[in-house]
Amino acid sequence: MYPFRDGSFAVRNGWYVAAFAADLTDMPMQRTIVGLPIALYRKADGTAVAVGGRCPHRNFPLGKSCVRGDEIVCGYHGIAFGPDGQCTDIPSQDFVPRSYRIPTYPLVEHGMWLWIWPGDPDKADPALLPDLQLIGHDEEGMHPGALFSFEVQGRYQLLNDNLLDLTHLAFLHGTSIGTLENARTPEELTQDPGIFRSRRYIKGGPPTPALRDRRGIERLVDQVVGMDFYLPGFHAGIGDHFYAEDDPERPGELIQRNRVFHAVTPATQTSCYYFFGMSSHEPGGVEAVREALHPVLLEDIFATEEIEKMIALAGGSPTELMIKSDTGAVMARRMLQAMMDAEAKESVGA
Ligand code: FES
Ligand SMILES: [Fe+2]
């Protein structure tokens, strides 16, 4: 499936964000993750669990049902399942067959997120989750906060591509966070196992419209802009702004230091979830930008959904005339394709 090989949809053996931890209460939540129906809920002791979201009786969504103690109770005919997936009660009969069960999925609360592993549970290693210190979530002096959750009517890779090519900042977000320097400054790309990194070191460029509006800065600034893509679905972005090194009054002084967290989770073949959070060096810094950032995220979603429509018009296989700035996205697509190929090979061999 575009932009991957036919038959390749999404990596299954990987951690994906299923929800912001604070959003999951004792009310269950229905999700579709990598094409799988999933119900998320919290047990009586507050532990979050993920089970199959399709009632095996008549296919009612269990995430649109209710929770009783540690169990999820189907909202249609009241069949109940424990967090281990085993059916515990069928109200209309005395006998509960052993085979009456739903799948369960590894779910971990880590940072501000709930992470699900939709693939082989034996491979679900929490050590593969992004390091909260490294991404600036738990770093000393940084203040993290969750901001937005969206359901996007576009395939997940369009959002990954968007985050892997920040030359779009100057155009899609030209009135807020972008300057032409994002497109003109050469990009440094590096690869580690499971992580793809991009950086731009912008020297003595004009301030972004947001810096002007929010802090009244008119002088030239230096910026470090980049993204660390933790495959398969999490991008930790860097946005550091300093007064320019040759600034007459405050040379090289920090203006603002932000880390942005974009989690992109495949839902169906043409839709995904998008979770956006941040951490700021200023207490209250995340909430302070909530209102200004919301339209910026909507611009990315607009682009994604419009491109999804163009893909449909092209019968699912659009052509692309690549340019130099696509290098990062192409490299990351190859990494994802290699992960999907390895999974396909394993399932054939199994
Ligand atoms: S569909 Fe769930 S109990 Fe009937
Ligand atoms: Fe964007």
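Residues numbered from 1 in each chain as written. Chains lettered and ligands numbered in written order. Predicted model: local features only at pLDDT ≥ 70, side-chain atom pairs only at ≥ 80, totals over all residues.

Novice: Is there a simple way to think about the nonpolar core in this case?
Specialist: Membership of the largest hydrophobic core comes to 80 residues, with the highest contact counts inside it found for Ala-18, Leu-40, Ala-50, Leu-107, Leu-114, Trp-115 and Ile-116. Top contributing element to this core by residue count: strand β18 (residues 272-280), with 6 residues. Of the residues that make up this core, three or more belong to each of domain 1 (16-123) and domain 2 (132-345). The residues contacting Leu-114, other than those within four sequence positions of it, are Ala-18, Ala-19, Ala-21, Leu-24, Leu-40, Ala-48, Leu-107 and Glu-109. (Core = buried A, V, L, I, M, F, W, Y, C linked by C-beta atoms within 7 Å. Buried ≥ 20, exposed ≤ 12 C-beta atoms within 10 Å, placed from the backbone. Helix = DSSP H or I, 4+ residues; strand = E, 2+ residues; numbered from the N terminus. Domains from an automatic or database assignment. Contact = placed C-beta atoms within 7 Å.)

Novice: Honestly, helix α6 (residues 290-313) in this entry has me stumped. Any pointers?
Specialist: Along its 24 residues, α6 runs 35 Å from first to last C-alpha, staying within 8% of the 34 Å computed at 1.5 Å per residue. Restricting attention to buried positions, one finds in α6 the residues Leu-293, Asp-300 and Thr-304. Residues of α6 that are buried make contact with β12 (143-152), α1 (156-163) and α2 (169-172). At the C-terminal side of α6, Gly-315 shows a positive phi close to 70 degrees. (Expected span 1.5 Å × (residues − 1).)

Novice: Would you mind showing me how to read the pairing of strand β11 (residues 113-116) here?
Specialist: Side chains on a regular strand alternate between the two faces of the sheet. In β11, alternate side chains face the same way, and those of Trp-113 and Trp-115 on one face and Leu-114 and Ile-116 on the other are all buried. Direction of pairing for strand β1 (residues 16-20) relative to β11: antiparallel, over a ladder of 4 bridges. Bridging from a neighbouring strand, Val-17 pairs with Trp-115 of β11. Where strand β10 (residues 107-110) folds back on β11, the antiparallel hairpin that results is connected by 2 residues, among which Gly-111 adopts a positive phi of roughly 65 degrees. (Pairing = 2+ DSSP bridges.)

Novice: For this particular structure, what's the right way to read the packing of α1 against α6?
Specialist: Between two packed helices, both the angle of their axes relative to each other and the distance between the axes serve to describe the pair. In the contact formed by α1 and α6, the axes pass within 9 Å of each other and the chain directions differ by 130 degrees. Viewed along their axes, α1 and α6 adopt a mutual orientation that is oblique. In this structure, α1 crosses over α6, and the sense of that crossing is right-handed. Residues Leu-158, Leu-159 and Asn-162 of α1 touch α6, and the partners they reach there are Asp-300, Ala-303, Thr-304, Ile-307 and Glu-308. Taken together, the residues of the contact of α1 with α6 break down into 4 nonpolar, 2 polar and 2 charged. (Axes fitted to C-alpha atoms, helices over the stretch in contact; angles between N-to-C directions. Parallel < 35°, antiparallel > 145°, perpendicular 65-115°, else oblique. Left-handed = near helix turned anticlockwise from the far one by under 90°. Nonpolar A, V, L, I, M, F, W, Y, C, P; charged D, E, K, R; others polar.)

Novice: Would you mind showing me how to read the sheet that holds strand β4 (residues 48-52) here?
Specialist: The strands that make up a sheet are held in pairs by hydrogen bonds between backbone atoms, and each pair lies either parallel or antiparallel. The strand order across the open sheet formed by 4 strands is β2-β3-β4-β9, and the pairing between neighbours is antiparallel. What marks the edges here is a single partner per strand, and that holds for β2 (29-33) and β9 (104-105). Sheet analysis places β2 next to strand β3 (residues 36-42), joined by 5 bridges and oriented antiparallel. Within β3, the position partnered with Thr-32 by the bridge is Pro-37.

Novice: Please explain the environment of Asp-94 as it appears in this structure.
Specialist: When you line up the elements, Asp-94 lands in the loop between β8 (87-89) and β9. A residue is classified by how many C-beta atoms lie within 10 Å of it, and Asp-94, with 5 of them, is exposed. Distance from Asp-94 to Ala-127, taken between C-alpha atoms, is 44 Å for residues 33 residues apart in sequence.

Novice: Just checking my understanding: could you explain the sheet that holds β11 for this structure?
Specialist: The strand order across the open sheet formed by 3 strands is β1-β11-β10, and the pairing between neighbours is antiparallel. The sheet is open, and its two edges are formed by β1 and β10, each paired on a single side. Put simply, the sheet's adjacent strands are angled 35 degrees from each other on average, direction ignored. Judged from the 4 bridges that link them, β10 and β11 form a sheet pairing that is antiparallel. The residue bridging Leu-107 from the neighbouring strand is Ile-116, located in β11.

Novice: Before we go on, may I ask you to explain the domain arrangement of the protein in this structure?
Specialist: Interfaces are often described in size by the accessible area the parts lose on coming together. Entries for the protein in the domain assignment read domain 1 (16-123) and domain 2 (132-345). Distance between the C-alpha centres of domain 1 and domain 2: 32 Å. On the side of domain 2, 15 residues touch domain 1, which itself brings 13 residues to the contact. Those elements giving two or more residues to the side of domain 1 that touches domain 2 turn out to be β1 and β2. By residue class, the composition of the side of domain 1 that touches domain 2 is 9 nonpolar, 3 polar and 1 charged.

Novice: Sorry, what's going on with α1 here?
Specialist: An α-helical turn contains 3.6 residues, so any two residues separated by three or four positions project in the same direction. Counting buried positions along α1 gives 8 out of 8 residues, so the element sits mostly inside the fold. Of all the positions in α1, only Tyr-156, Gln-157, Leu-158, Leu-159, Asn-160, Asp-161, Asn-162 and Leu-163 are classed as buried.

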